[in-house]
Amino acid sequence: MRRPSAIGYRLSAIASLCGVLLAIAACGGKSDESRKAASDTLSERQRDSILAKSSIPGASAVGKAMTAADSTSARVRASDTVQ
């Protein structure tokens, strides 16, 4: 009887790992309904506002970006009304 080589063991291990990961991916995760319910609770602006007020590094940049976007939107609205 011939002994499998180290490459054979390695390929077998990789194939087994891929099979396990595929099974986990197929069985895991949330349903579409639960994902939709979770995403409907807060608007994108509300999530960004909460993030901007947090102490996460770089969170203040989110607030500054929101301020810049609001400023730009206000300028666009003002220029649209001027005729």
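The residue numbers shown here count from 1 along each chain, following its written sequence. Since the coordinates come from a predicted model, pLDDT governs what is reported: local features require at least 70, and pairs of side-chain atoms require 80 or more to be given and counted, while whole-chain, interface and lining totals use all residues. Computation of side-chain values: all heavy atoms of the structure, hydrogens and water removed.

**With respect to the overall build of the protein chain**
Here is step 1: A run of H or I in DSSP becomes a helix once it reaches four residues, and a run of E becomes a strand once it reaches two; helices and strands are each numbered from the N terminus. Each helix and strand counted, the protein chain has 4 helices and 0 strands in total.
Here is step 2: Secondary structure elements in the protein chain, listed N-terminal to C-terminal, are α-α-α-α.
Here is step 3: Per-residue accessibility, obtained with a 1.4 Å probe over protein chains only, is compared with the maximum for each type, and a residue is labelled buried under 20%, exposed over 50%, and partly exposed between these values. Residues classed as buried in the protein chain amount to 2% of the 83 residues present.
Here is step 4: What sets the accessible areas is the Shrake-Rupley method with a 1.4 Å probe; for residues, cover comes only from the shown protein chains. By element, 62% of the accessible surface of the protein chain is carried by carbon and sulfur atoms, the whole surface being about 7,400 Å².

**Examining the pattern of salt bridges**
Here is step 1: By salt bridge we mean one thing: a side-chain nitrogen of Lys or Arg within 4 Å of a carboxyl oxygen of Asp or Glu. Tallied over the full model, the rule gives 1 salt bridge.
Here is step 2: Linking D70 and R45 is a salt bridge whose minimum nitrogen-to-oxygen distance equals 2.7 Å. Here R45 lies in helix 3 (residues 44–52) and D70 lies in helix 4 (residues 59–81), a separation of 25 residues in the sequence.
Here is step 3: Residue classification places D70 among the partly exposed positions, given a relative accessible area of 36%.
Here is step 4: Under the relative-accessibility criterion, R45 is labelled partly exposed at 44%.

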